[in-house]
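Descriptive structure summary
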Amino acid sequence: MSDSSAPSPVGRRGLPLLCGAACALLVAAIGGSLTDIGPWYQGLAKPAFQPPDWAFGPAWTLIFALCVLAGAEAWMRAPSLQVRTLVVALFALNAALNIGWSLLFFRMRRPDWALYEVGMLWLSVLVLITVCGRFAPRVRWYLLPYLVWVSFATAVNAVVVRLNAPFA
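Everything in this summary refers to the structure shown in the same document. If you're wondering where the values come from, they're calculated on a predicted model, not measured in any experiment.

Criteria and thresholds
- Residues numbered from 1 in each chain as written.
- Predicted model: local features only at pLDDT ≥ 70, side-chain atom pairs only at ≥ 80, totals over all residues.
- Heavy atoms only, no water.
- Helix = DSSP H or I, 4+ residues; strand = E, 2+ residues; numbered from the N terminus.
- Polar contact = N/O pair within 3.5 Å; in protein donor to acceptor, adjacent residues only side chain to side chain.
- Contact = heavy atoms within 4.5 Å.
- Buried < 20%, exposed > 50% of the residue type's maximum accessible area, 1.4 Å probe, protein only.
- Phe/Tyr/Trp six-rings, centres within 6.5 Å; stacked < 30°, edge-to-face > 60°.
- Lys NZ or Arg CZ within 6 Å of the ring centre and 35° of its normal.
- Core = buried A, V, L, I, M, F, W, Y, C linked by side-chain atoms within 4.5 Å.

Comments concerning the side chain of Ser-124
- Among the structural elements, Ser-124 can be located in helix α5 (residues 111-133).
- A polar side-chain atom of Ser-124 sits 2.7 Å from the main-chain carbonyl oxygen of Leu-121.
- Ignoring anything within four residues of it in the chain, the contact list for Ser-124 reads Asn-94 and Leu-97.

Dropping the structure here:
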């Protein structure tokens, strides 16, 4: 007979998953509200290797879902309250940088500034992988597609800047 007072694995994961999902939806909503693919964006010269516009929604949906899993895993496996607090801070910084890129690129129409900012976004993903991977190894795998995507986005952003500069 099992101890009914012990939380079930689903119950223990439920709150971190729910909180992570709410945060991911908030970041996606804010980033999406800043993303305008209207005439200015359509008028930019873009690299031939840029995916079609329709591909970004599914890609970001997968990345955000994996981030929720990564955040919940890191939260659950953090060895102390101090480390758990660090995990939350690192994910919050990453969220702010994610939103910041959309703000700079789309709302402010400064792909050149966004190119500098995306370097910080990339670094924040790498820090999450490194820090959380020490005590929650699966987080590395959950966040690897995000790192690859941001690396690819950096290349696209760099070519957009090269083809369209200067920006005012």
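Here we look at the environment of Trp-75
- Structurally, Trp-75 is set in helix α3 (residues 56-77).
- The exposure class of Trp-75 is partly exposed, given its relative accessible area of 33%.
- Residues Trp-75 and Val-88 lie 13 residues apart in sequence; the distance between their C-alpha atoms is 8.0 Å.
- Not counting residues up to four positions away in its chain, the partners in contact with Trp-75 are Pro-16, Arg-84 and Val-88.

Some words on the packing of aromatic side chains
- For the structure on display, the rule yields twelve aromatic pairs.
- With a centroid separation of 5.8 Å and an interplanar angle of 65°, the aromatic rings of Phe-49 and Phe-152 are classed as edge-to-face. Here Phe-49 is found in the loop between α2 (39-42) and α3, whereas its partner Phe-152 is found in helix α6 (residues 138-164), with 103 residues between them in sequence.
- What makes Phe-152 partly exposed here is its relative accessible area of 27%.
- Centroid distance Trp-101 to Phe-106: 5.8 Å. Interplanar angle 80°. Geometry classified as edge-to-face. Judged on exposure class, the residue Trp-101 and its partner Phe-106 are both buried.
- Ring pairs connect the aromatic residues Phe-49, Phe-56, Trp-60, Phe-64, Tyr-146, Trp-149 and Phe-152, which therefore count as one cluster.
- Over the aromatic face of Tyr-41 sits the side chain of Lys-46, whose NZ or CZ is 4.4 Å from the ring centroid.
- Across the ring face of Trp-75, the terminal group of Arg-84 is positioned such that the distance to the ring centre comes to 4.5 Å.

Overview of unusual backbone geometry
- Residue Pro-166 is reached from Ala-165 by a cis peptide bond, and omega for that bond is 5°.
- Residue position: Pro-166 is located in the segment after α6.
- Positive phi, normally seen in glycine, also occurs at Arg-109, with a value near 55°.

Digging into the nonpolar core
- Of all hydrophobic cores here, the largest spans 36 residues; its most connected members are Phe-91, Phe-105, Cys-132, Phe-135, Val-139, Leu-143 and Tyr-146.
- Those elements that provide at least two residues to this core are α3, α4 (81-107), α5 and α6.
- For this core, the element with the highest residue contribution is α6, accounting for nine residues.
- In this structure, Val-27, Leu-34, Phe-64 and Val-68 belong to the second largest nonpolar core, which totals seven residues.

Such coordinate-based values are descriptive only and should not be taken to indicate function.
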